[in-house]
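Take a look at the letters that make up each chain.
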Amino acid sequence: MTYSGSANLAILACPGGEHFADAVIKHLKHIYVEKLNRKIDKLIKRYNLQKERLIRDINFYNDLISSGLHENNEIEKIRVPRFKVNARFTYFTNGEFKTEILECIRGKNVFIFQDVENHYPLWVNEGKNQHVFSVNDHLMSMMVTIDAVRYAGAAHITLVVPVYPYSRQHKKKGREGLTASMLGHFYETLGVDQIITLDIHSREIENAFHTARIENLHASYQIMRELSKIENLADPNAEFVIVAPDSGAVDRNKFYSSGLKKPLAMIYKERDYSVVTQNAKQSNIVNINLLGDVTGKTAFLADDMLGTGGTLLKAMEFLKNKGAKKVIAAVSLPFFTGDATQLFDEAYQKGFFYRIIGTNAVYHEELLKKEWYISTDVSGLFAQTISRLHHNQSLSGLLDNRDIIERMLHTADPNTQHKIDNK
């Protein structure tokens, strides 16, 4: 790892993505310090050096090769890059956006953060105005920011969008456009080199790109980590079943089933596609059937995103009526649009489910106050990904996390843990 190269890593957060970007930056700083400390310890042993002198020499080297002296005048301590780029975001009264970069980013590897599902009031115009932005507002703000970064001379541009905008418009069924693909072409035209996203709705979207790369991360380990706190996943005799909420979620839930070594069931829904879903109560589901057995068992469902929540609410109520002892669901991207939060409150009071596990990739305030909601942190996963991409390292261990999940379950085994404690 070239530590001086970390100064060329820049994080630019659009207003919607600032919360998540700040969380990722904390992890990036920790990663930087930990790796540098490990490197320093090895060098001290190999060359019999004093730590203070070595840190001073590293700072001297960084000052020597940089175009200008480091903004941090501290020479005796490890210098942690600031990473975050100062920018001004202007929102005009007619709805137009403007992004101004307030410092030099020429030649840097810039990662632009945006959370298009952040529907909380955001400060713009240097804190003078507060607005609630739609998905399209966030999308346009990001486009304008990409353009500003491109004209500012960035060497590489990466979009960090945990929620890929319009990902559900990926399949042509009639006289309609492929909006997910169209946006991919926009990004490439603006000079985007790669995109980092989370549990993208369809892998088909990756085929829409000609030059840009898309890194699709998975929150399965983080979700299982939270699940293991409320359920004994290592118990082979536990009455536990994985349930795919629909046919489109079979592969995702098959992963959990094979990883946890638990049976897999599936809910099959008959839909009336002449009806457009309006909210959680008015969905187009006309009949539900179950393939498998959940009687007296804890049922776990996993899906990529939750909008109005109508599908999941019907599935959880259905499983309870089928005799499930407890129902737990996990969603990588918890939108909770419209009155979804209120409807889940009502379902929880009726005992239809026990807990919902979601990630912090989508910003929420109200959900965190709910007894039934568990938030799992994926900012560390994104920080590791950004660090490895910046230093041209492999992402295999992050994209395929089966090994780390198996180790987590192994240490979660009470018998294994007893042996570890007695060593």
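As shown above, the structure is provided for reference.
Here the structure is a predicted model, which means the values were calculated and not measured.

Phi at Phe-83 is positive, roughly 70°, even though this residue is not glycine. Mapped onto the secondary structure, Phe-83 falls in the loop between helix H2 (51-65) and strand S2 (87-91). Classification of Phe-83 as buried rests on a relative accessible area of 7%. For Tyr-166, which is not glycine, the phi torsion reads 60° and is therefore positive. By secondary structure assignment, the location of Tyr-166 is in the loop between strand S7 (156-160) and helix H4 (179-189).

What follows deals with a nonpolar patch on the surface. Side chains of Phe-60, Tyr-61, Leu-64 and Ile-65 sit close together on the surface and give an oily, nonpolar patch of about 460 Å² of accessible area. Here Tyr-61 shows up in helix H2. Judged by relative accessible area, Tyr-61 falls into the partly exposed class, the value being 47%.

A separate point is the sheet that holds strand S16 (residues 373-376). With mixed pairing, the seven strands of this open sheet are ordered in space as S12-S11-S10-S13-S14-S15-S16. At either end of the open sheet lies a strand with only one pairing partner, and these are strand S12 (285-291) and S16. Averaged over all neighbouring strand pairs, the angle between strand axes comes to 25°, with direction disregarded. Inspection of the sheet shows strand S13 (residues 298-306) paired to strand S14 (residues 326-334) by eight bridges, in the parallel sense. Along S14, the bridge assignment pairs Ala-302 with Ala-330. Contacts from helix H7 (residues 310-321) reach strand S10 (240-244), strand S11 (264-271), S12, S13, S14 and strand S15 (355-359) within the one sheet, and its direction differs from that of S12 by about 50°.

Here strand S3 (residues 97-101) shows a clear split, with Phe-97, Thr-99 and Ile-101 buried on one side and none of Lys-98 and Glu-100 buried on the other. Here S2 pairs with S3 via five bridges, running antiparallel. Pairing of Arg-88 across the sheet is with Glu-100, part of S3.

If you walk across this open sheet you meet the five strands as S1-S4-S7-S8-S9, and the pairing is parallel. Every interior strand has two partners, whereas the edge strands, strand S1 (9-13) and strand S9 (213-217), have only one. Here the strands of the sheet are splayed against their neighbours by 20° on average, with no regard to which way each runs. The sheet contact formed by S7 and strand S8 (residues 194-198) spans three bridges and is parallel. Bridge assignment links Leu-159 to a residue of S8, and that residue is Ile-195. On top of the sheet, helix H9 (residues 379-390) reaches S1, strand S4 (109-113), S7, S8 and S9; it is set at about 160° to S8, its chief contact.

Below, the discussion takes up the packing of aromatic side chains. All told, the structure shown has 18 aromatic pairs when counted by the stated rule. Here Phe-20 and Phe-113 contribute two aromatic rings whose centre-to-centre distance is 6.2 Å and whose plane-to-plane angle is 50°, an arrangement assigned as tilted. Of this pair, Phe-20 sits in helix H1 (residues 18-47) while Phe-113 sits in strand S4; the two residues are 93 residues apart in sequence, bridging distant segments of the chain. Here Tyr-256 and Phe-300 contribute two aromatic rings whose centre-to-centre distance is 5.4 Å and whose plane-to-plane angle is 70°, an arrangement assigned as edge-to-face. With a gap of 44 residues between them, Tyr-256 in helix H6 (residues 250-260) and Phe-300 in strand S13 connect regions that are remote in the sequence. One Lys or Arg, Arg-150, reaches over the ring of Tyr-151 and ends 4.7 Å from the middle of that ring.

Along the chain, Leu-312 falls in helix H7. A relative accessible area of 10% places Leu-312 in the buried class. For the pair Leu-312 and Pro-245, spaced 67 residues apart in sequence, the C-alpha to C-alpha distance is 7.1 Å. Setting aside its immediate chain neighbours within four residues, Leu-312 contacts Leu-301, Leu-306, Ala-329, Phe-344 and Ile-356.

The interhelical angle for the contact between H1 and H9, taken along N-to-C directions, is 60°, at an axis separation of 8 Å. For the element pair H1 / H9, the angle class is oblique. Both H1 and H9 take part in a crossing whose hand is right-handed. Here H1 contributes Phe-20, Ala-23, Val-24, His-27, Leu-28, Ile-31 and Lys-35 to the contact with H9, which in turn contributes Ser-379, Gly-380, Phe-382, Ala-383, Gln-384, Ile-386 and Ser-387. Residues of the contact of H1 with H9, tallied by class, amount to eight nonpolar, five polar and one charged.

The next point concerns the pattern of salt bridges. Within this structure, the stated rule accounts for 15 salt bridges. Note that Asp-57 is salt-bridged to Arg-53, the shortest N-O span being 3.3 Å. Residue Asp-57 and its partner Arg-53 are both found in helix H2; the two are separated by four residues, about one turn of the helix. Classification of Asp-57 by relative accessible area gives partly exposed; the value is 35%. The salt bridge involving Lys-369 is made with Glu-366; its shortest N-O contact spans 3.3 Å. Look at Lys-369 and you get exposed, because its relative accessible area is 63%. For Glu-366, a relative accessible area of 40% corresponds to the partly exposed category. What emerges from the salt-bridge pattern is a single network uniting Glu-18, Asp-22 and Lys-84.

Cut-offs used in this document
Residues numbered from 1 in each chain as written. Predicted model: local features only at pLDDT ≥ 70, side-chain atom pairs only at ≥ 80, totals over all residues. Heavy atoms only, no water. Helix = DSSP H or I, 4+ residues; strand = E, 2+ residues; numbered from the N terminus. Buried < 20%, exposed > 50% of the residue type's maximum accessible area, 1.4 Å probe, protein only. Patch = residues over 30% accessible without salt bridge, like charges linked within 9 Å, V, L, I, M, F, W, Y side chains within 5 Å. Areas by Shrake-Rupley, 256 points an atom, 1.4 Å probe, with all protein chains shown as cover. Salt bridge = Lys/Arg side-chain N within 4 Å of Asp/Glu carboxyl O. Pairing = 2+ DSSP bridges. Axes fitted to C-alpha atoms, helices over the stretch in contact; angles between N-to-C directions. Contact = heavy atoms within 4.5 Å. Phe/Tyr/Trp six-rings, centres within 6.5 Å; stacked < 30°, edge-to-face > 60°. Lys NZ or Arg CZ within 6 Å of the ring centre and 35° of its normal. Parallel < 35°, antiparallel > 145°, perpendicular 65-115°, else oblique. Left-handed = near helix turned anticlockwise from the far one by under 90°. Nonpolar A, V, L, I, M, F, W, Y, C, P; charged D, E, K, R; others polar.

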